[in-house]
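Examining the three-dimensional arrangement
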Amino acid sequence: MRSFAALAVVAGLSACAGAQAPAPVDCVTLFQRYDVTEAGMSTPSGRRDRMAVPPALQPIAGALRQNGCINLSRQLDLDAAAPSPVVDGGPRLVPPVRVHAGAVTSMADDAAARAFFEAHGVAATSVGSPALGRRVYIGPFATRGALDAALALARSAGFVHAYPVRF
């Protein structure tokens, strides 16, 4: 009987050793999927459409939260110096592009983030989302150089999942 138990333990350990760690989550892809799903939703027509977070967005919003894609206060460094000034340079972007800096969980973080970007000469706005908190956007930027500098600025402030958006 002991040999059977030992064999079971060895088999269990072998199975665990062969297991792979889960693939890292791509927060930008999750945010983009959220945006596409939200943009494709129909106009309100029934009871399900009046929910604070529509059912189609709930699993994506949950994945964004569970995988650390939403910026918490402790992750932000809003005293950071700009890595380089955000100035026009390089090829023109037609139409101009904004940057989704990230999502924050409080009005205080939202105000501080917008103040940080504006202090660095970058227009900043935010949009409330019942599922994600406040989504902070900067721009628009008309050239590739300005877009790259804005992405670097956002990342230096702790918004590690910043990405360009068109809307």
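Residues numbered from 1 in each chain as written. Predicted model: local features only at pLDDT ≥ 70, side-chain atom pairs only at ≥ 80, totals over all residues. Heavy atoms only, no water.

**Description of the layout of surface pockets**
Gaps left between atoms are located by rolling a probe of water-molecule size over the structure's atoms. Roughly 350 Å³ of volume is contained in the largest pocket. Contributions of two or more residues to the lining of the largest pocket are made by α2 (27–39), β2 (124–129), β3 (133–143) and β4 (163–165). By residue number, the principal contributor to the lining of the largest pocket is α2, which donates 6 residues. Considering only residue class, the lining of the largest pocket consists of 15 nonpolar, 3 polar and 4 charged. (1 Å grid on protein atoms, 1.4 Å probe; cavity = no way out; pocket = protein on both sides within 12 Å on 5 of 7 lines; lining within 4 Å. Points joined across faces, edges and corners; volume = space filled by probe spheres on them. Helix = DSSP H or I, 4+ residues; strand = E, 2+ residues; numbered from the N terminus. Nonpolar A, V, L, I, M, F, W, Y, C, P; charged D, E, K, R; others polar.)

**Topic: the environment of phenylalanine 116**
By the secondary structure assignment, phenylalanine 116 is in helix α4 (residues 107–119). Residues phenylalanine 116 and leucine 153 lie 37 residues apart in sequence; the distance between their C-alpha atoms is 9.8 Å. Setting aside anything within four residues of it in sequence, one finds phenylalanine 116 in contact with Leu78, Ala80, Leu153 and Ala157. (Contact = heavy atoms within 4.5 Å.)

**Observations regarding α2**
The end-to-end C-alpha distance of α2 is 18 Å, a good match for the 18 Å that 13 residues give at a rise of 1.5 Å each. Among the residues making up α2, those that are buried are Cys27, Leu30, Phe31 and Tyr34. Summarising the axial view, the buried residues of α2 lie within an arc of 100°, below the 170-degree limit, and thus occupy one face. Opposite the packed face of α2, turned more than 90 degrees from it, sit the exposed residues Val36 and Ala39. Considering only its buried residues, α2 is in contact with α3 (58–66), β1 (92–104), β2, β3 and β4. Looking at where α2 begins, the residue whose side-chain oxygen comes 3.2 Å from the main-chain nitrogen of valine 28 is aspartate 26. (Expected span 1.5 Å × (residues − 1). Buried < 20%, exposed > 50% of the residue type's maximum accessible area, 1.4 Å probe, protein only. Arc of directions from axis to C-beta. Polar contact = N/O pair within 3.5 Å; in protein donor to acceptor, adjacent residues only side chain to side chain.)

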